[in-house]
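Coordinate analysis (summary)
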Amino acid sequence: MQRRIRILLWIFIVGLVISGATAIPLETEANLLARSIGATDSANLEQSSLLRWLAEVRDGVVATNAKYPFIGYGTDWLAFGHFVIAIVFIGPLRDPVKNVWVVEFGMIACALVVPFALVMGSVRGIPLGWRLIDCSFGIFGILPLWFCRRLIKQLAEANPTGRPAQR
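Values in this document were obtained by computation on a predicted structure and should not be read as measured data.

Examining the packing of aromatic side chains
Taken as a whole, this structure holds five aromatic pairs when the rule is applied. Relative to Trp77, the ring of Tyr73 lies with its centre 5.9 Å away and its plane at 80 degrees, an arrangement referred to as edge-to-face. Pair noted here: Tyr73 and Trp77 are both in helix α4 (residues 72–88), with a separation of four residues, about one helical turn. What makes Trp77 partly exposed here is its relative accessible area of 47%. These aromatic residues form a ring-pair network of at least three members: Tyr73, Trp77 and Phe80.

Thoughts on the confidence of the model for the protein chain
Here the protein chain averages 92 in pLDDT, and 93% of its residues register 70 or above. For the protein chain, helix α3 (residues 49–67) is the element with the lowest average pLDDT, namely 91, and helix α6 (residues 100–123) is the one with the highest, namely 98.

A word on the state of the cysteines
By the definition in use, this model includes zero disulfides. Of all cysteine sulfurs, the one in Cys110 lies closest to Cys148, which takes part in no disulfide; the gap is 12 Å.

Digging into helix α1 (residues 2–21)
In a regular helix each residue adds 1.5 Å, so 20 residues correspond to 28 Å; α1 covers 28 Å between its end C-alpha atoms and thus fits that length. Within α1, burial applies to Gln2, Ile5, Leu8, Leu9, Phe12, Ile13, Leu16 and Gly20. The buried residues of α1 occupy one face: seen down the axis, they fall within an arc of 135 degrees. Along α1, exposed side chains directed more than 90 degrees from the buried face belong to Arg3 and Ile18. Buried residues along α1 sit against α4, α5 (90–94), α6 and α7 (128–158).

Quick word on the packing of helix α2 (residues 26–37) against α3
Interaxial distance between α2 and α3 falls to 9 Å at its minimum, and their mutual angle equals 150 degrees. Judged by the angle between their axes, α2 and α3 are roughly antiparallel. Regarding α2 and α3, the two cross each other, and that crossing is left-handed. Residue-level contacts link Leu26, Glu27, Ala30, Asn31, Leu33, Ala34 and Ile37 of α2 to Leu51, Leu54, Arg58, Val61, Val62 and Asn65 of α3. Here the contact of α2 with α3 is built from residues that sort into nine nonpolar, two polar and two charged.

Observations concerning the side chain of Asp95
Secondary-structure assignment places Asp95 in the loop between α5 and α6. Nearest to the buried, unbridged Asp95 among oppositely charged side chains is Lys98, at 5.3 Å. Only 3.2 Å separates the side chain of Asp95 from the backbone nitrogen of Lys98, close enough to count as a polar contact.

Procedures and definitions
Residues numbered from 1 in each chain as written. Predicted model: local features only at pLDDT ≥ 70, side-chain atom pairs only at ≥ 80, totals over all residues. Heavy atoms only, no water. Phe/Tyr/Trp six-rings, centres within 6.5 Å; stacked < 30°, edge-to-face > 60°. Helix = DSSP H or I, 4+ residues; strand = E, 2+ residues; numbered from the N terminus. Buried < 20%, exposed > 50% of the residue type's maximum accessible area, 1.4 Å probe, protein only. pLDDT = per-residue confidence, 0-100. Disulfide = S-S within 2.5 Å. Expected span 1.5 Å × (residues − 1). Arc of directions from axis to C-beta. Contact = heavy atoms within 4.5 Å. Axes fitted to C-alpha atoms, helices over the stretch in contact; angles between N-to-C directions. Parallel < 35°, antiparallel > 145°, perpendicular 65-115°, else oblique. Left-handed = near helix turned anticlockwise from the far one by under 90°. Nonpolar A, V, L, I, M, F, W, Y, C, P; charged D, E, K, R; others polar. Lys, Arg positive; Asp, Glu negative; His and termini not counted. Salt bridge = Lys/Arg side-chain N within 4 Å of Asp/Glu carboxyl O. Polar contact = N/O pair within 3.5 Å; in protein donor to acceptor, adjacent residues only side chain to side chain.

In structure tokens, the structure reads:
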């Protein structure tokens, strides 16, 4: 049971770290994505709306970095936040029963992604399809945590002393 808990936690931790790491090289990623799928020009009406949107995002990131490079510092801090949250999940890796609150915190955070993405994405003019992609991070993030919490509760019932089982 503890092995399954650790696997689920590592899946979540790695997901957080990867998600955070992708927040740093935004211009490089936007250029690579736009180039690889043929998103050439946000004004090109012959392209699909998705390709136009991706070209517009790329153009916005490039223009912002050229004129206001300090704005990128905000996404650097976004990455840092992901890394710090990932570190917090070391607690349940070490003692899942004692630190089940961290898993529950993660579940609450994942649940809050959905309304936040829908509301703030609308405020910022993000297309609905893109907001739904953002919502999927919360949905897919909560799944390993839900299974993990369930296993931790079973572990707690099997070991009522609260002491971690010997390895």
